Structure formats: structure tokens, C-alpha cells
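Structural characterization, general
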Amino acid sequence: MLQFPILTIIIFWPILGSFVVLAAYRSPRLVRWLSLGISLVEMALVAALFFLDLQPYATPQGTWLLLEDYAWIPWLGARYSLGLDGISLLLVLLVAFINIFSVLISWKAIDFKVGSFFFWILFLEGTLVGLFLAADLLLFYLFWEIQIIPMFFLVGIWGHENRIHAAVKFLLYTLSGSLFMLIALIALYVMHGHQTGIYTFSVYQLMQHGPLGTTTEILLFGAFLLAFAIKIPLIPVHTWLPDTHTEAPTAGSVDLAGLLLKTGVYALFRFAMPLFPYATQLFIPVLLVLGVGGLFYAAWIALAQTDIKRLVAYSSISHMALIVIGIAIWNVTTLSGSLLQMINHGLSTSALFIMVGMLDERTHSRDFAVMGGIWSKMPVFSTFFLLFALSSMGLPGLNNFVGEVLILVGAFKVKPVIAILSFVGIVFGVIYILRMVQDCLFGQPRAEHVFWDLDFRETVMLAALALAVLSIGLHPGPVLHLLDQPIQAMLQQIAQLGLP
Amino acid sequence: MTINIPIFHLNSIGPALILTVTAVVILLLDALSPKGRRKAFFPQLSLLGLAAAALQTYLMWGSKGTDFARMIYVDNYTFFFYFIFILGTALTVMISRQYLEDYGKNMGEYYALLLFATVGMMLMAASAHLIMLFLGLEVMSIAVYVLAGLFREDPRSNEASLKYLILGSFSSGFLLFGMAMLYGAAGGTLYLDELPKALAGHSTFAQPLTLLAIALLIVGFGFKVASAPFHMWTPDVYEGAPTSVTAFMAVGVKAAAFAAFARVFFLAFPAFRVDYTMLLWVLAVATMTIGNVCAIAQTNIKRMLAYSSIAHAGYLLVALVAANQLGAVSLLYYLLAYTLMNLGAFGVVILVGRKKDSYLNIYDYAGLGFQHPALGAAMALFMFALAGMPPTAGFVGKFYIFSAAVQGGFIWLTILGVMNSLISMYYYLRITVLIYMKPAEADLGPVAFSPGVTAVLAATAAGVMLSGIFPGALYDLAMNAVKIFPGL
């Protein structure tokens, strides 16, 4: 067991760094370089975790690769406990990785109030890392709520025309879900305390509760699900996402699609389902219907979009719906597929948002009507665009394919109808993505714009993302290996409860 | 005929005594010192008196008992509220000076009245007998009536004072009626600790009489804490009164009224818990909802904060409804947190308002975040805290209150409370949106950061954050304080 509090450092390094950046607001140049430096160091710190040769060990708070556990609010039984396992390790890595791009893509795009902008970007990174590491339900809730605030400011200050509407909608939507989760969380805490005499927020100990009664459990699970479904977002509570994406600055969209949406699925898988296994059983059909429905509905709407960013936003909803299907089917294969797909979606969609942002910088528009014929003007850009579009479609050899196949194969074994429907939904996705590629890259240019191909900064960013996309696509073994142990542990734990 | 004077210890009312003496000294100095250079040191003198009172309270912490013929309690519950009052008054004194000088009203009697009001609050929190409670209430109220009318050339201030006086007297009448009926029902006692027994075994008339008395007491207290449907005075009085007095009323008067409210209901009526809980449940929901919904429509920042203060009274009533140990703790914690965040917000209002309150519209806050970053950030923080976002003290307070309600089995009350939080988010958020996301409508110009207000903003902002992240120490204190209620 490691004595050095590396997890705490990983959380608070960007948060402390964000204040340093804020203090340096007078020099935008310094702010940019400082932010990049802080993000790179954070990435290095996370990468260092891979070299620690961590082995899972059992603790009173569950089995973890690393656990940091201190008293926080003793008489409430709330602890400052951070747990690292394969899933959180991957997601934290994703956060640190994507955040570098959030900094880089904003290098030139953000030209006013630069200090505050990078302050929020780094602050958001810290809270997201904290969210993925929290092993205490109250601590998790704290991070869950705090992460809303940076995004609110990012969209509201640096967004496009309708930014205030979008920011307020985002905040009210997310908050309404999480407040109901708060009630459920308190209720669970109180009931668990009554049952066992131990008042605690430790997720692991809360899972050991006795039967709560079907109605109670359904209500509690429903409240958690509402909060997470809004964040994922599942239909019919998805309407904030396209608005927020359209109005957000590119870095905001990247963080939102790449990272914030993952928190919903993560929390659903990590907290809601293991805490309420009986209710989960009952809710699985609902989740499947919402998932399949969302997959089709979002793809259908995406076809009708004229704004590229909105199209990518809807494709995001569609992809997340597939992930939810995988989670709902709940076996080793689909779970691995879904969790892997979270990473893949984070990479591919972030890349697409970054490229849409680049187009926006050049044409000051995101409308299909003024695109077209870009290939001849920006060949390097177009190559990358095609690559990420194909990856998003699920081309074999690229990352999304692995996740999708795992979900489909796992689903086919138990629920063939769902698998077939999902497959059709994925094909739907191919249509709108091909349309996007065709309208943007090929054909005749429909408006006069000054195009310039990628500069060094942009090339490096896209090349790094492409490398990640390719390596997961061609060699997903190490990633899946990381996910294996925690998934097995969780399934075992649920199995011990004697569920069908 | 001999008169027996029971033994008493002046020490037991030490803090109140110190403040009384300070106030009298200020009045004398104001009257006797030569004109011209006499006003400068009153704030400092008041702060000195408050510090001495705080020290005295600190030294007494832990003692337990009654004094003055069992008229007052000497216990940690009392002392915790002493701290809240002292803190509230001290912060009010600090934000007042510059503001009053702008109006040419930096007078000795202002500080003396603040201190007298604080003495009244202390007696309310300490009272062990309903007559004592009434005396404390009146000492506090009369001082505040005068304070509200401090700007006597300003018609709105006059209106505020008069409205508060008339309606306040009316509500005092209700309170006295309630006490009189209780006196009859209990067969001749108004000691809080004797009431449960006295009310238990008497004639058949006792029960309806007690219920009526409880209802009347609720009316009286409900007026002072600004709970619906007795809240009508609040927006007008808060808007018209000098801003520093508004801050004092929102924080101090409310805390004092809740101190007495909670003590009376937790101690005196255990047999009637079901009845009064039902009534308070309805009041809590109505208060939260009316406060929050009306606040959405306000464009004057003081009126908005007035409705927000009504809403907060509703949350605090939830803690009373829960009527368990956590509920009592959450009441104490929330009042302290509310003191910090509300006084901070009023500090910003005073700084932005400047020069005879010319900038009180919420749209005057547009662009504040970039014209005056520190001020904007502070206001945004206080707004998030009042809305109950983590990691601020406001979140911890709400968390305790809702936990208490869930623990007490009031699930629907909790759900309604949470939905109200969401509504409140909207109007607090609007201020934040204006501060950061709208261009300035007018150039606000330089803001004169007086040392007092700056210190208040820094202290309250730090307090709101720190007690939000590390709520442990305060919880222990509050838990210590509510141990005196054995029935919870």
C-alpha cells in the first residue's frame, strides 16, 4: 500500500494550478503556457500510476488498486476516501488526456478574459478527477455538483449568441436531477443507519444493506437514475445537450462530450446499480427501451441537422444510448464493451468537436450550406476528419468498432432482439456521418472562404488523438485487461446477493 | 411585609450586561463630547464591547443551569446563539460606517440601538419564562423599529419603520394573548420547564385552550421570523430600511426569533407535538414557496433578498418540523451559515449601491464581474451559497436540514424543500449571470472599498467556504448546544 497521497495530488494539482493561472491573468501568453504546463504535469502524474505496479487489495471500503481514506465529517460517517480501480484509472487518464486538448484548442480561439477561461478549464479537470475517484457517496455528490459550475461559466461567458439561455438551461437541468439524487442519498443513508446501526456514506458499506422493500428501492433508484440520465443524456431528458453544445466554446464542447457525459454512465454503473440491485432488475427493460429509442431517435434527428456541431451533439446522444444498452444487459462482455466505448466516444467525439471548432475558426460558420470541397483546400485536415468520422462510425481497425462489437456480441447471447435493433441503429449512424463527410469534404465549394491547412499545434493535437484511436482499435487488450478485474468484482458482489 | 430577593449572579447575564454598558457609554459620549470630532470611534467602541461579550460567553461555555429566579437559562444553547448575535452585530457594525457617513447619519445612537437590540436578542435566547421572552422580544423590537426609521428624511425609511412598528405591535399582541391563555391552561405557570407537566393533567378545557395558545404563539413568532402568511411586511420594510439595518434584521432578528421559537416548542409542548408539527409543516411549505416564487419577480436587490430571507425562514421551519436532534443542530448551523452568507451579500449591496443607494436594481450588477472582479466573485459566491451549492456553508446547512427531515420521516416535506431549492437557484443564478455574462449597462465607476466592508467580505467569504468544506468543528459546537433538549 502506498503511503504517498498521489490520488489527492492528482485531484488538487489542477485545482491549485487553476488559481495560479487566475493570478497570472494579466499576461494571456503566460496563462496559456502555464495551463499547458499544468495539464502536461497532470498527465504525467496520471501516467505515473501505470508504473507503480499496483495490485488490488481488500480494504474495509472495498477492493481497490489504491485507496486514500481519511476522516472528513466523523459524526456523519462521511469520509474523504478516494479509491482507484481499473475503471477510474482509465477515466482519469481520459480526463487528463482530453484536458490537454481543451487547453490547446483554446490557444487562439479564446481571446478575451483568458485567465478566467483557463481557470475554469483547469478547475473543471480537478473536479472531474475527484468525481471519478470518490469512493464516498457524499464526496462524490460534492464533486458531482461542483463540476456543474465551471461548465456553466464556460458556456455562459465564452459561448456563442444564445449562450446565456444554454448555460442556464444546462445548470437548471443538471441541478434538478442531482437534487433528487440528494434526497435519495440522504434516505439511503438514514435507512442504512437504521438497519445496521452504522451511519456511513461509504459506497462499499452502503451496498451491504438488507432489503429495503421494493417500492422504496424503486423510488431511490429512480431518483439516482433521473440525475444520471440527465447527464448521460438519455431521451427524454436530453434536450439540454444540443443547446449547450451548440452554444459552448470548442473546449467546452470537448469537455462536455468527452468527459462530463461519462460521469453519468460511470455513476450509473458504479453507484446506482450496485446500490439497488433489485430495482435495477426491474428497471432493465426501461433502460433498454430508452437506450434503443435514444439510439434511433437521436440518429434520426441528427440526419435533419444543418449545423455540424448539432449533428455531432446528436450523434453523441446516439452513442451514449448504445453504451446504456450495454450497461443494462449487464454481463462481462457488454460491460467491458460499454466501459471501453466510453473511452472511445471520449476520444472520437472530442476529436470531431475539435475539428468542427477548427472549421468554425476558418469559416466562422458551422452550416453545411457554406461547406463543401474542403478536401482540395485542406488535405491534411480532411484526412484527419475522415479518420475520426470513420472511427465514430465504427470502422473495423478503429477504436469504436471494438466497443460496439463487444456490446453487440454480449447482447446477442442474451437478448438477440435488442442486439439486432442496436445493430440497425448503428447502421443509421453510418448514414448521417457519411452525409456529414460528403457535404463537408467533397463536392463543389459553396462559399468563398479563406482556408489554411493545419498549423503545427493543430497537427500535433490531431495526430495524438489519431494515435490513441488507432492503438485502441488495433490492440485493445491492455485496456480491456484493466477493466476486467473491477467488472468481475462487481458482478461477483451482485451475484452474492442472490439475484437471478 | 418583607420582600425576598432571590440570590442571583450578574455573571449569568454578563454578555448582555457588557453590551448594555457599552451602549450607555456610547450614548453618554455622544451627548457629552464636543461637536465635530466625536463620531469617529463609536464603531470601534462597539466592536470592543462585542469582543468583550464574546470573551465572556466563551468563558462561560459549558456551564449549565438557571438564574434570576429561574427566569433565564445559562446553557450552551444560549451561548451558541450569543455567538451568532455577536457575530451578526459585529459584522453589521463593520459594514455600517461608510454607508452611514454617506447619508450623514453616523451617529452614536445608531450603534447604541444596535447593541440594545442585541441585548434583547440575548435575553430572548436565554429566556426560561415566557414573560422574560416577551421582555427580550420587546427590547429587541423597539430598538429595531427605531433603526428602520433612521433615515428620517427618507419617506421609504419612514414607511418601513411605521409599518414594522404597527404590524410588529400587532403580532406582539398575538404573542401575549397566547401566553395569557397558556397561563390559564397551565394553571398559573409560564416557566418553560414546568409547562409540560402543568399542561398534562388538567380540566377538559385545558386542551383546546392550549391548542389556541400554541396557534397564537406561532402567529407571533411567525411574524418575527417572516414566515408566510405573516410575511407581508418583510419586502417593504427590508427595502425601505437602511441597508445595514436590513442586513441586521435579516440575520439577527430572525436568529433571535428562531432561538426562542425552537426553545419554547421543543421544551414546553411535547404532548402537542403532532398538532403543532402539522401546522408548522404547512407554514414551512407555504413560506418556502411564496418566498422563492415571489423572489423571481423582483428587480430590486433588497426586495429580492427580502423574499430570499422569507424562503430561508421556510427552510428553517423544516428543521423545526423535523423536531429531532439533527433538526436542532441544523437549525443552529444554518442560522450561523445564513448570518455569514447574508451579511456578505448585503456588504456587496452596500458597496455597489454607494452614494445614497443609487444602484439597487439587479441590472446594475451587469458586468460587475469584470469591472470589479473581487466584488463580482464575492457576490457570485454568496449567491451560490444562498442557493445551497456545494462546497459552501449553504449546502451543508441545507444538507443537515433535509437529512433531519428525512430522519423524522417527512419525505414529502423534503421533496418540496428540494424543489424549492431548485426554484431559488433560478433567481440567485440570475444575479450571477448578470455579473459575469451581460455587458455592463452603465459604467459603475470606482467603488470605495472601505476597510470595514472589505474585511467583512473577506471574512464572510472565507467563513462560507471553510465551514462548507470542513463543517466538523461547528457541528460539534451545535451538537453540544442542543444536548439540553432531552426529549429530542
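Residues numbered from 1 in each chain as written. Chains lettered and ligands numbered in written order. Predicted model: local features only at pLDDT ≥ 70, side-chain atom pairs only at ≥ 80, totals over all residues. Heavy atoms only, no water.

1. Regarding the overall build of chain A
Note the cut-off: Counting from the N terminus, the helices are the DSSP runs of H or I reaching at least four residues and the strands are the DSSP runs of E reaching at least two. Burial classification: accessible surface area is computed with a 1.4 Å probe over protein chains only, and a residue below 20% of its type maximum counts as buried, one above 50% as exposed, and the rest as partly exposed. Should any heavy atoms of two residues lie within 4.5 Å, those residues are considered in contact. Computed with the Shrake-Rupley method and a 1.4 Å probe, the accessible areas treat only the protein chains shown as cover for residues. For this count, His and the chain ends are skipped, Lys and Arg are scored as positive, and Asp and Glu as negative. Just so you know, the charge point we use is NZ for Lys, CZ for Arg, CG for Asp and CD for Glu.
The helix and strand tally for chain A stands at 20 helices and 4 strands. For the C-alpha atoms alone, the extent of chain A along its principal axes is close to 70 × 55 × 45 Å. Counting over 500 residues, chain A shows a buried share of 66%. At a minimum sequence separation of 6, the contacts of chain A that also span at least 24 residues come to 80%. With an accessible surface of roughly 16,600 Å², chain A has 70% of that area assigned to carbon and sulfur atoms. Counting 21 positive and 25 negative side-chain charges, chain A places the averaged centre of each group 5 Å from the other.

2. Looking at the confidence of the model for chain B
Condition: Values of pLDDT, ranging from 0 to 100, describe the predictor's confidence in every residue of the model.
Mean pLDDT for chain B: 89, with 97% of residues reaching 70 or above. Model confidence for the complex: the whole-complex pTM is 0.91, and ipTM, which rates the interface, is 0.87.

3. Quick look at the pairing of strand β4 (residues 78-84) of chain A
All names here are of chain A. For the record, the criterion: The criterion for strand pairing is that DSSP finds at least two bridges linking the strands in question.
Among the 7 residues that make up β4, 6 are buried, leaving the element largely enclosed by the rest of the structure. Here strand β3 (residues 66-73) runs beside β4; their pairing, made up of 7 bridges, is antiparallel. If you follow A71 over to β4, its bridge partner there is R79. If you look at the hairpin formed by β3 and β4, you'll find 4 residues sitting between the two strands, and G77 has a positive phi there, around 80°.

4. So, the layout of surface pockets
This is how the line gets drawn: Throughout, the protein atoms alone are placed on a 1 Å grid, and a set of points is a cavity if a 1.4 Å probe fits but cannot get out or a pocket if it is open with protein on both sides within 12 Å along at least five of seven lines; lining residues have an atom within 4 Å of a point. Grid points are joined across faces, edges and corners, and a volume is the space filled by probe spheres set on the points. Any residue that is not Ala, Val, Leu, Ile, Met, Phe, Trp, Tyr, Cys, Pro, Asp, Glu, Lys or Arg is counted as polar, Gly included; the first ten are nonpolar and the last four charged.
In this structure, the largest pocket occupies an estimated 1,500 Å³ of space. Secondary-structure elements contributing two or more residues to the lining of the largest pocket are α1 (6-23), α4 (114-133), α5 (137-146) and α6 (148-158) of chain A together with α14 (368-371), α15 (373-387) and α18 (451-469) of chain B. When residues of the lining of the largest pocket are assigned to their parent elements, the largest contribution, 8 residues, is made by α15 of chain B. Reported here for the second largest pocket is a volume of approximately 460 Å³. Mapped onto the lining of the second largest pocket, the elements with two or more residues apiece are β2 (62-64), α8 (203-207), α11 (250-275) and α20 (477-496) of chain A. With 8 residues, α20 of chain A is the largest single contributor of residues to the lining of the second largest pocket. Classifying every residue of the lining of the second largest pocket by side-chain character gives 13 nonpolar, 8 polar and 2 charged.

5. With respect to the environment of K113 of chain A
Relative to the assigned elements, K113 of chain A resides in the loop between α3 (86-109) and α4. Here the alpha-carbon distance between K113 of chain A and I487 of chain A, two residues 374 residues apart in the chain, equals 44 Å. Excluding residues that lie within four positions of it along the chain, K113 of chain A makes contacts with I157 and W158 of chain A together with F370 of chain B.

6. Some remarks on the pattern of salt bridges
All names here are of chain B. Put simply, the rule reads: Salt bridges are defined as contacts in which a side-chain nitrogen from Lys or Arg sits within 4 Å of a carboxyl oxygen from Asp or Glu.
Summed over all chains, the structure comprises 19 salt bridges over all chains. Two residues, E194 and R70, come together in a salt bridge whose shortest N-O distance is 2.7 Å. Within this pair, whereas E194 is found in the loop between α6 (155-185) and α7 (195-200), its partner R70 is found in the loop between β1 (65-67) and β2 (72-74), the two being separated by 124 residues in sequence. Assessed through its relative accessible area of 32%, E194 is described here as partly exposed. The closest approach of N and O atoms between E239 and R303, which form a salt bridge, is 2.6 Å. With a gap of 64 residues between them, E239 in helix α9 (residues 233-240) and R303 in helix α12 (residues 301-322) connect regions that are remote in the sequence. The pair E239 / R303 is uniform in exposure class, with both members buried.

7. Comments concerning the side chain of S171 of chain B
Residues and elements named next belong to chain B. Using the following cut-off: Side-chain atoms alone can form a polar contact between residues adjacent in sequence; in general such a contact is a pair of N or O atoms within 3.5 Å, and within protein one must be able to donate a hydrogen while the other accepts it.
Locating S171 in the fold gives a position in helix α6. A polar contact of 2.9 Å, which involves the side chain of S171, links it to the backbone oxygen of G168. Excluding its chain neighbours within four sequence positions, the residues that come into contact with S171 are G220, F223 and K224.

8. Focus on the interface of chain B and chain A
Many analyses report the size of an interface as the accessible area lost when the parts associate. Rules: Two parts placed together each lose some accessible area; with a 1.4 Å probe, that loss summed over both constitutes the buried area.
At the interface, 31 residues of chain B touch 32 residues of chain A. Around 3,000 Å² of area is buried between chain B and chain A when both sides are counted, 88% of it from carbon and sulfur atoms. It is F399, L422 and M437 of chain B in chain B that bury the most area against chain A; as a group they hold 21% of the surface buried on that side. Remark: the boundary between chain B and chain A carries 0 salt bridges. Connecting chain B to chain A are 2 residue pairs in polar contact (both at pLDDT 80 or more). Broken down by secondary-structure element, the contributors of at least two residues to the side of chain B that touches chain A are α16 (393-407), α17 (411-437) and α19 (472-482) of chain B. When residues of the side of chain B that touches chain A are assigned to their parent elements, the largest contribution, 13 residues, is made by α17 of chain B. For the side of chain B that touches chain A, the residue count by class is 23 nonpolar, 6 polar and 2 charged.

9. Things to note about α18 of chain B
All names here are of chain B. Going by this rule: Helix span is expected to be 1.5 Å times the residue number reduced by one. Arc definition: directions from the helix axis to the C-beta atoms.
The end-to-end C-alpha separation of α18 is 27 Å, in line with the 27 Å expected for 19 residues at 1.5 Å each. All of the buried residues in α18 are G452, V453, V456, L457, T460, A461, G463, V464, S467 and G468. For α18, the angular spread of the buried residues around the axis is 160°, confining them to a single face. Across from the buried face of α18, at angles greater than 90 degrees, the exposed residues are P451 and L466. Each element contacted by the buried residues of α18 is listed here: α3 (76-103), α13 (325-353), α15, α16 and α19.

10. Re the environment of L165 of chain B
All names here are of chain B. Within the element layout of this structure, L165 appears in helix α6. For L165, a relative accessible area of 34% puts it in the partly exposed group. Measuring from C-alpha to C-alpha, the distance between L165 and E239 comes to 15 Å, with 74 residues separating the pair along the chain.

11. Examining the packing of aromatic side chains
This is how the line gets drawn: Any pair of Phe, Tyr and Trp rings, taking the six-membered ring for Trp, is counted once the centres come within 6.5 Å. Such a pair is stacked with planes under 30 degrees apart, edge-to-face with planes over 60 apart, and tilted for the rest.
One pass over the full model with this rule turns up 65 aromatic pairs over all chains. Residues F296 of chain A and F428 of chain A carry aromatic rings whose centres are separated by 5.6 Å and whose planes lie at 65° to one another, so their mutual orientation is edge-to-face. Linking F296 of chain A in helix α12 (residues 277-303) with F428 of chain A in helix α18 (residues 416-441), this pair joins segments that are 132 residues apart in sequence. Taking relative accessible area as the criterion, F296 of chain A reaches 22% and is therefore assigned partly exposed. Here the aromatic rings of Y99 of chain B and Y103 of chain B are separated by 5.4 Å at their centres, their planes lie at 55°, and the arrangement is tilted. You can see Y99 of chain B and its partner Y103 of chain B sitting in helix α3, 4 residues apart, about one turn around the helix.

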